[in-house]
Amino acid sequence: MELRLALLSDLDRIKEMYKQIVKKMNEDHLQIWDEIYPCEFFEEDIKNNQMYVLIDKSEIVSAFVLCDTNIGEKEIKWMNDSRKAMYLDRLGVNVNYSHKGIGSLMINKAKEITQSLGKEYLRLFVVDTNIPAIHLYIKNGFKKAEGIYEEVFEDGFSLYEYGYEIKV
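Residues numbered from 1 in each chain as written. Predicted model: local features only at pLDDT ≥ 70, side-chain atom pairs only at ≥ 80, totals over all residues. Heavy atoms only, no water.

## Some words on the overall build of the protein chain
When its secondary structure is counted, the protein chain shows four helices and seven strands. Sequence-ordered secondary structure for the protein chain, helices as α and strands as β, is β-α-α-β-β-β-α-β-α-β-β. Referenced to the eigenvectors of the C-alpha coordinate spread, the extents of the protein chain come out at roughly 40 × 40 × 30 Å. Sorting the 168 residues of the protein chain into buried and exposed places 48% on the buried side. The long-range share in the protein chain, meaning contacts at least 24 apart out of those at least 6 apart in sequence, stands at 71%. (Helix = DSSP H or I, 4+ residues; strand = E, 2+ residues; numbered from the N terminus. Buried < 20%, exposed > 50% of the residue type's maximum accessible area, 1.4 Å probe, protein only. Contact = heavy atoms within 4.5 Å.)

What follows is the structure in structure tokens.
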């Protein structure tokens, strides 16, 4: 398997993988992502060299985005606010590869990239009801920071997100 920056030529396959993830999440009554988020952000993520994909032969196994800011970052009391950090976002694992350690592998890859970029922390936000993701992050050494970021959408719907971080 190879981890690399995503290319625009990967976009359709990435979107298809995430559509299957959303379908599975909905079946599991975890209605966080939909037909708009996260797929509508991928093209910009790729153009900004922020999206990484794990490829096995020609199949996309997993993907994530790494960026140096996050809209909710000021709402959380991080271990050390003044330290440089990267934010892990939109981590997804192909449903055909679930429960095979790919999520942990991708977290480790994100930590390696973060460290290679001279940052000290890898941070992320996770919706409070996304228990499987919370367990994954805790299992991989992330610590919950103080505070909650409330993301309010145009229709009045809100998501409550916890901040997690790990020193790399």
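Read on, since the account is not over.
## Quick notes on the environment of Gly-72
Structurally, Gly-72 can be placed in the loop between strand 3 (59-67) and strand 4 (85-93). Judged by its relative accessible area of 0%, Gly-72 falls in the buried class. Taking C-alpha positions, Gly-72 is 8.8 Å from Ile-148, a pair spaced 76 residues apart along the chain. Residues contacting Gly-72, with those up to four places away along its chain left out, are Phe-125 and Tyr-149.

## A word on helix 1 (residues 11-27)
The end-to-end C-alpha distance of helix 1 is 24 Å, a good match for the 24 Å that 17 residues give at a rise of 1.5 Å each. Looking only at helix 1, the buried set comprises Leu-11, Ile-14, Met-17, Tyr-18, Ile-21, Val-22 and Met-25. Along the axis of helix 1, the buried positions cluster into a sector of 145 degrees, meaning they face one direction only. Looking at the buried residues of helix 1, the elements they touch are helix 2 (42-47), strand 2 (51-56), strand 3 and strand 4. A positive phi of about 60 degrees marks His-29, the residue just after helix 1. (Expected span 1.5 Å × (residues − 1). Arc of directions from axis to C-beta.)

## Re the side chain of Ser-158
Mapped onto the elements, Ser-158 comes out in strand 7 (residues 158-167). Side-chain polar atoms of Ser-158 contact the side chain of Glu-150, separated by 3.0 Å. Sequence-distant contacts of Ser-158, defined by excluding residues within four places in its chain, comprise Glu-150, Glu-151 and Val-152. (Polar contact = N/O pair within 3.5 Å; in protein donor to acceptor, adjacent residues only side chain to side chain.)

## With respect to unusual backbone geometry
Here the residue pair Tyr-37 and Pro-38 is connected by a cis peptide bond, since its omega of 15 degrees sits within 30 degrees of zero. Mapped onto the secondary structure, Pro-38 falls in the loop between helix 1 and helix 2. For His-29, which is not a glycine, the phi torsion comes out positive at approximately 60 degrees. Mapping His-29 onto the fold places it in the loop between helix 1 and helix 2. His-29 sits in the exposed class, given a relative accessible area of 71%. With phi around 55 degrees, Asn-49 is a residue other than glycine that occupies positive phi space.

Everything listed here is a matter of geometry and, on its own, says nothing about what the molecule does.
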